[in-house]
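Structure at a glance
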Amino acid sequence: MAQIIEKVSRTFGEYLLIPGLTTKECTPQNVSLKTPLVKFRKGEKPAISLNIPFVSAIMQSVSDHGLAIALARNGGLSFIFGSQSIESQAEMVRKVKKFKAGFVPSDSNVRPDSTLAEVEAIIEATGHTTMGVTDDGTPNGKLLGMLTSRDYRIDHDGRESLVKNFMTPFEKLTVGKLGITLSEANQLIWDHKLNALPIIDEEQHLVYFVFRKDYDSHRENPNELLDPQTKELLVGAGINSRDYKERVPALVEAGVDVVCIDSSDGFSEWQQETIAWVKEKYNGKVLIGAGNVVDKEGFDYLVEAGADFIKVGIGGGSICITREQKGIGRGQATAILDVAAARDEYFEKTGIYVPICSDGGLVHDYHMSLALAMGADFLMMGRYFARFDESPTKKLYINGNYVKEYWGEGSSRARNWQRYDMGGKGGAMKFEEGVDSYVPYAGKMKDNLEVTLGKIVSTMCSCGSITIPDFQKNAKITLVSSTSIVEGGAHDVILKDK
Ligand code: IMP
């Protein structure tokens, strides 16, 4: 007979935190949201820690290079989606690794014999008025001069006039040499009262511009998640248990910092084989997460297989219909509590701490605090990030509201059959496990993170904790009744229109 688990499968909305003693030390400035991404031995440091406990979902509609750069600059990490060709995924990883805060490739370029009419067309297309003048008009051609909107008057000078008559020639330019640091570049900008500094290589080819206006934005990102040696942003990538022998080497070659097997049900021999192959091929040096699981058995299996972190959650995602389609899954809160207990037990037994990630189903900001308090080391979110400017999908105006598109990896739009693969021949999706949807547009990632993290920090202070491990140890959590949930919102008042 089937084993019946009497414990009810619960989710975050059914719990609340009870405040603990807020000591004078518990101020928002003192709170650290640093958290381990990968396993480590007691007393040692993990190879990667996140500066904020957020990672973005391995999804086409969420994690491309643009969102990955934005999230890493804010202290979190993206896993670039794997449901694309190996080449294009590796290229996205490369773009994140190449990104240099403050150093931007020139997107507006002309030749000396280009006309002002061509300059006008470029400004129309890019919105940028600073032009690199290169021998061949490409972003990395030999730098022959620079042209800004202060150098010419199109009505006065005529649209057919040539750039070479107006540009500041190379001999008169202040330039930086490739390898210069951002603070050195900014010093040149200040000393020479420049708006833009071209950076050139040994052969005088244009490589980047550093703009005066970007200086402040760099200072605004104290949490940036960087490789301490190379100062490159960190980035992860999703893989599957089918083409990993080709995909992982390409990603490693592109400079990926960590990979994660992306599957709706990770308790499988396919994942065990994938982890074993990756660990053996790279002598344990390539970091690999696995999942998803929802109980101790699944956790123990993947940890024994060698995984560096474990992702938890089946069927809770906002776009997910797995529970309806297949009848598998578990309330996310119960899953996290169960797996966190297994992680702690494993740590007790072996002295090895394997971080767990709560993946999917986080709706309100307080759910994130609850997930951390219940034992999650970090959180993976799709819907949350899909709403921002930085996500790769279209912003649309529908019925009086701005929205962004957001679709599941198991929807027929994404066709990510590998994520739902059950072995056998594969290659075709027999039924959908996700939907195609819109989410309300929410603006810039940075502004939203400030509010969300502010709430988490404030909750931690209320609970008397200034670190995530303390929060996990000290949190007191209570179940709530449905009537007390009503009590928790605004009630018995007539709300004024917002
Ligand atoms: P969200 O943050 O609630 O939107 O959930 C995102 C998570 O849902 C992802 O990280 C995946 O684990 C999961 N997911 C992504 N696409 C699908 C799908 O099509 N069906 C089921 N789950 C999905």
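Structural notes, computed from the coordinates.

Rules of the game
Position numbers for residues count from 1 along each chain, tracking the sequence in the order it is written. Where totals are concerned, whole chains, interfaces and linings use all residues; where local detail is concerned, this predicted model gives features only for residues with pLDDT of at least 70, and gives and counts side-chain atom pairs only at 80 or more. Heavy atoms from the whole structure form the basis of all side-chain values; hydrogens and water molecules are not counted. The secondary structure listing takes helices from DSSP runs of H or I that are at least 4 residues long and strands from runs of E that are at least 2 residues long, numbered from the N terminus. Any residue with at least one heavy atom within 4 Å of a molecule or strand is counted as near it. Polar contact is defined as a pair of N or O atoms within 3.5 Å, subject to the rule that within protein one atom must be able to donate a hydrogen and the other to accept it, and that residues adjacent in sequence are counted only when both atoms are side-chain atoms. Accessible surface is estimated by sampling points in the Shrake-Rupley manner with a 1.4 Å probe; for residues, cover comes only from the protein chains shown. Here a cavity means grid points, on a 1 Å grid over the protein atoms only, where a 1.4 Å probe fits yet cannot get out; a pocket means an open set of points with protein on both sides within 12 Å along at least five of seven lines; lining residues are those with an atom within 4 Å of a point. For a molecule to be placed in a cavity or pocket, more than half of its atoms must lie within 2 Å of the grid points of that cavity or pocket. Grid points are joined across faces, edges and corners, and a volume is the space filled by probe spheres set on the points. Residues are grouped as follows: nonpolar covers Ala, Val, Leu, Ile, Met, Phe, Trp, Tyr, Cys and Pro; charged covers Asp, Glu, Lys and Arg; every other residue, Gly included, is treated as polar. Criterion for a salt bridge: a side-chain nitrogen of Lys or Arg within 4 Å of a carboxyl oxygen of Asp or Glu. Accessibility here uses a 1.4 Å probe with only protein chains present; expressed as a share of the type maximum, an area under 20% marks a residue as buried, one over 50% as exposed, and anything in between as partly exposed. When DSSP finds at least two bridges between two strands, those strands are taken to pair. Note on definitions: angles span 0 to 180 degrees between N-to-C directions of axes, and those axes are lines fitted to C-alpha atoms, for helices only across the stretch in contact. Sulfur atoms of two cysteines make up a disulfide when they are within 2.5 Å. Note on terminology: a nonpolar core comprises buried Ala, Val, Leu, Ile, Met, Phe, Trp, Tyr and Cys residues joined through side-chain atoms within 4.5 Å. Note on contacts: a residue pair is in contact if any heavy atoms of the two residues lie within 4.5 Å. For classification purposes, an angle smaller than 35 degrees is called roughly parallel, one larger than 145 roughly antiparallel, one from 65 to 115 roughly perpendicular, and anything else oblique. In this scheme the crossing of two helices becomes right-handed for a clockwise turn of the near helix relative to the far one and left-handed for an anticlockwise turn of less than a right angle. Of all possible arcs, the one meant is that of the directions from the helix axis to the C-beta atoms.

Attention shifts here to unusual backbone geometry. The omega angle of the peptide bond from G291 to N292 is 5°, so this bond is cis rather than trans. With respect to the helices and strands, N292 occurs in strand β16 (residues 288–293). Even without glycine at this site, R415 takes up a positive phi of about 50°. Along the chain, R415 falls in the loop between β22 (401–407) and β23 (436–440). Of note in this structure, D492 is not a glycine but carries a positive phi near 60°. Summarising the element assignment, D492 is placed in the segment after α16 (482–488).

Turning next to the site of the ligand. Around the ligand, a shell composed of 24 residues is seen, among which S318, D359, Y406, G410 and E433 lie nearest. Here an oxygen atom of the ligand sits 2.6 Å away from a polar atom, N or O, in the main chain of G410. In isolation the ligand offers 500 Å² of accessible surface; the protein chains occlude 96% of this area. One can see that the ligand is located within the largest cavity.

In this structure, the largest pocket spans a volume of roughly 820 Å³. Lining the largest pocket are 34 residues, and of these T35, P36, F40, P46 and S49 sit closest to its centre. Here the lining of the largest pocket gets six residues from one element, more than from any other, and that element is helix α11 (residues 332–350). Looking at the lining of the largest pocket residue by residue, the class counts come to 19 nonpolar, six polar and nine charged. Roughly 640 Å³ of internal volume is contained in the second largest pocket. T130, M146, N195, A196 and F211 are, among the 27 residues lining the second largest pocket, the residues nearest its centre. Residue composition of the lining of the second largest pocket, grouped by class: eight nonpolar, eleven polar and eight charged.

Here we take up the pattern of salt bridges. As enumerated under the stated definition, the model contains 21 salt bridges in all. Put simply, D257 and K97 hold a salt bridge, and the shortest N to O gap is 2.8 Å. On the criterion of sequence distance, the pair formed by D257 in the loop between α7 (244–254) and β15 (258–261) and K97 in helix α2 (residues 86–98) is long-range, its members being 160 residues apart. Side by side, D257 and K97 carry an identical accessibility label, which is buried. What emerges from the salt-bridge pattern is a single network uniting K7, R330 and D338.

For the rest of this paragraph, the subject is the sheet that holds strand β21 (residues 395–398). Taken in spatial order, the three strands of this open sheet run β21-β22-β23, and their pairing is antiparallel. With one partner strand each, in any of the chains shown, β21 and β23 form the two edges of the open sheet. Averaged over all pairs of adjacent strands, the angle between strand axes in this sheet comes to 45°, irrespective of strand direction. With four bridges connecting them, β21 and β22 associate as antiparallel partners. Bridging from a neighbouring strand, L396 pairs with V403 of β22.

The next point concerns the state of the cysteines. A complete count under the given rule lists zero disulfides for this structure. You can see C26 has no disulfide; the closest cysteine sulfur is in C461, sitting 5.8 Å from it. On the basis of relative accessible area, C26 is assigned to the buried category, the value being 7%.

Below, the discussion takes up the environment of Y301. With respect to the element layout, Y301 can be found in helix α9 (residues 296–305). Considering only alpha carbons, one finds Y301 and G266, 35 residues apart in sequence, at a separation of 9.7 Å.

Here we have four strands laid out as an open sheet, ordered β7-β8-β9-β10, and mixed in their pairing. The strands lining the two open edges of the sheet, one partner per strand, are β7 (109–110) and β10 (168–169). In the sheet, β7 pairs with strand β8 (residues 131–134) via two bridges, with the strands oriented parallel. When the sheet's bridge partners are listed, V110 is paired in β8 with V133.

Time to look at the side chain of Q472. Within the secondary structure, Q472 is located in helix α15 (residues 468–474). Looking at Q472, its side chain comes within polar contact range of the main-chain oxygen of G375, at 3.3 Å.

Turning our eyes to something else, we now look at the nonpolar core. Counting 105 residues, the largest nonpolar core has F54 and F385 as its most contacted members. In contact with F385, not counting residues within four places along its chain, are F54, V55, S56, V62, L67, L71, S391 and M445.

Let's shift gears to the packing of α9 against α11. Between α9 and α11, the shortest axis-to-axis distance is 8 Å and the interhelical angle comes to 45°. One element, α9, and the other, α11, form an angle in the oblique class. For the pair α9 and α11, the sense of crossing is right-handed. Contacts from K296, F299, D300, V303 and E304 of α9 reach α11 at D338, V339, A342, R343, E345 and Y346. Residue composition of the contact of α9 with α11, by class: five nonpolar, no polar and six charged.

Let us look at the packing of α2 against α7. Each pair of packed helices gets described by two things: the angle between the helix axes and the distance between those axes. Remark: α2 packs on α7, axes separated minimally by 8 Å, with the N-to-C direction vectors making an angle of 20°. The angle between α2 and α7 falls in the class roughly parallel. For α2 against α7, the interelement crossing comes out right-handed. On α7, the residues that touch I86, Q89, A90, V93, R94 and K97 of α2 are E246, R247, A250, L251 and A254.

On to α9, then. For α9, the full list of buried residues reads G298, F299, L302, V303 and A305. Seen along its axis, α9 keeps its buried residues to an arc of 155°; they face one direction. Exposed positions of α9 whose direction lies more than 90 degrees from the buried face are E297 and E304. Where α9 is buried, its residues meet α8 (269–281), β16, β17 (309–312), α11 and β19 (356–359). Residue G306 follows α9 closely and has a positive phi angle near 115°.

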